[in-house]
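# Summary of the model geometry
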Amino acid sequence: MESKVKKIGVLTSGGDAPGMNAAIRAVVRAARSKGIEVVGVHRGYAGLIKGDIVDMDVRDVSNILQSGGTSLLSARSKEFCTEEGMQMAIDNCHKFGIEGLVVIGGDGSYRGAGDLSSRGIHCIGLPGTIDNDISSTDYTIGFDTCVNCVVDMVDRIRDTMRSHERCSVVEVMGRNAGYIALHAGIATGAAFVMVPEVDSSVEDVIAKIEEGRALGKYNFIVIVAEGVGHAEELSKKIQDATGVVTRATILGHVQRGGSPTARDRVLASRFGAYAVDLLAAGKSNRVVGVRNDKLVDYDIQEALAMKKEFPMELYNMSDIISI
Ligand code: ATP
């Protein structure tokens, strides 16, 4: 079937995530296989406003599959949220002949894609964020790589904590979402996981450590999502209350970089190719996700209104087996 669009653009927006390059590569190659021309937009919506746009062909995305970050660069653009900024972006789409646009980013980027769609640019959003906090998908691009990075770091910390019979409080990313903390907590056997979605106090953490000590446990990992507490403060309180020497580690941006896992590469590749299918079929104002390992797509506004249920059964299971 002939494609409904002749030329599309691809951009990455908001915080970067490992696997974005795999998605870019898939978009470019899937589009070229259908005879669709592709341009890459640098620095997200900021580049669309400035006209920072380059032609992309299959060889232009060689050797990026395995690298973290985004080869198209990412940015946040306040100007894009103004009427003038939006108009400049639309004008550049017309100037460069961009009929469709694949936007890889988070909820904010989806809103921008919704605005562009309502003004005639066919947009498809792909979920790219390490936080996994996008409701319209089970998994986002970058989450798996991030969790694996945290697990690797915590395993190293645990080695030395065990040698010295200490407690370690590890602060991980997730201002509003505890998915990284929860998954890393389960995978590293953390004694306690503090997440924004579940009310818990320092006293709860201390009680869990005391309970563990009574059962012969002498080293402890506590994982805290950045949105609920500060590792330094928590460590001090734990040490004062329990007498267990406690150290704080804030992992920071190390969690956002690195070569994407195979899982993220596969997911991003599937998303990218699917986005091109949607554009070729004349679809617009959609976001792509994965549900029970099947690709799905939703209307952008419908997707933004969705609520993601925090997996309480996983959280409770983690608590039970971490004693
Ligand atoms: P993440 O938060 O995971 O890093 P995100 O896509 O949610 O990713 P934001 O900074 O919220 O990141 O949004 C990225 C860009 O999308 C913004 O800089 C802005 O240009 C555009 N954007 C955000 N919100 C809106 C909105 N309500 N309407 C139009 N455009 C928006």
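Quick notes on the rules
- Residues numbered from 1 in each chain as written.
- Predicted model: local features only at pLDDT ≥ 70, side-chain atom pairs only at ≥ 80, totals over all residues.
- Heavy atoms only, no water.
- Pairing = 2+ DSSP bridges.
- Helix = DSSP H or I, 4+ residues; strand = E, 2+ residues; numbered from the N terminus.
- Axes fitted to C-alpha atoms, helices over the stretch in contact; angles between N-to-C directions.
- Contact = heavy atoms within 4.5 Å.
- Phe/Tyr/Trp six-rings, centres within 6.5 Å; stacked < 30°, edge-to-face > 60°.
- Buried < 20%, exposed > 50% of the residue type's maximum accessible area, 1.4 Å probe, protein only.
- Lys NZ or Arg CZ within 6 Å of the ring centre and 35° of its normal.

### Brief notes about the sheet that holds strand S10 (residues 286-291)
Reading across the sheet, the seven strands line up as S3-S2-S1-S4-S5-S10-S11 and stay open at both edges, with mixed pairing between neighbours. Each edge of the open sheet carries a strand with a single partner, namely strand S3 (53-56) and strand S11 (294-299). Averaged over all neighbouring strand pairs, the angle between strand axes comes to 25°, with direction disregarded. As judged from the six bridges shared by strand S4 (residues 100-105) and strand S5 (residues 122-127), these two strands associate in the parallel manner. Bridge pairing links Ile 104 to Leu 126 in S5. Each of strand S1 (7-12), S4, S5, S10 and S11 is contacted by helix H9 (residues 262-280), which is oriented at about 140° to S10, the strand it contacts most.

### A few points about the sheet that holds strand S6 (residues 167-172)
Strands sit in the order S7-S8-S6-S9 across an open sheet of four strands; the sheet is parallel. Sheet topology places strand S7 (192-194) and strand S9 (246-250) at the edges, where each strand pairs with a single neighbour. The mean inter-strand angle of the sheet, taken between neighbouring strand axes irrespective of direction, is 15°. Across three bridges, the pairing between S7 and strand S8 (residues 220-225) is parallel. Residue pairing across strands places Val 193 opposite Ile 223, the latter belonging to S8. Each of S6, S8 and S9 is contacted by helix H5 (residues 143-164), which is oriented at about 165° to S6, the strand it contacts most.

### Here we look at the packing of aromatic side chains
Under the criterion given, the structure shown has four aromatic pairs. The interplanar angle of 25° and the centroid separation of 6.1 Å between the aromatic rings of Tyr 139 and Phe 143 together place this pair among those described as stacked. Residue class for Phe 143 comes out buried when judged on its relative accessible area of 4%. Here a set of aromatic residues connected by ring pairs shows up, and it is made of Tyr 179, Phe 310 and Tyr 315. The side chain of Lys 308 reaches across the aromatic face of Tyr 179, ending 5.2 Å from its centre.

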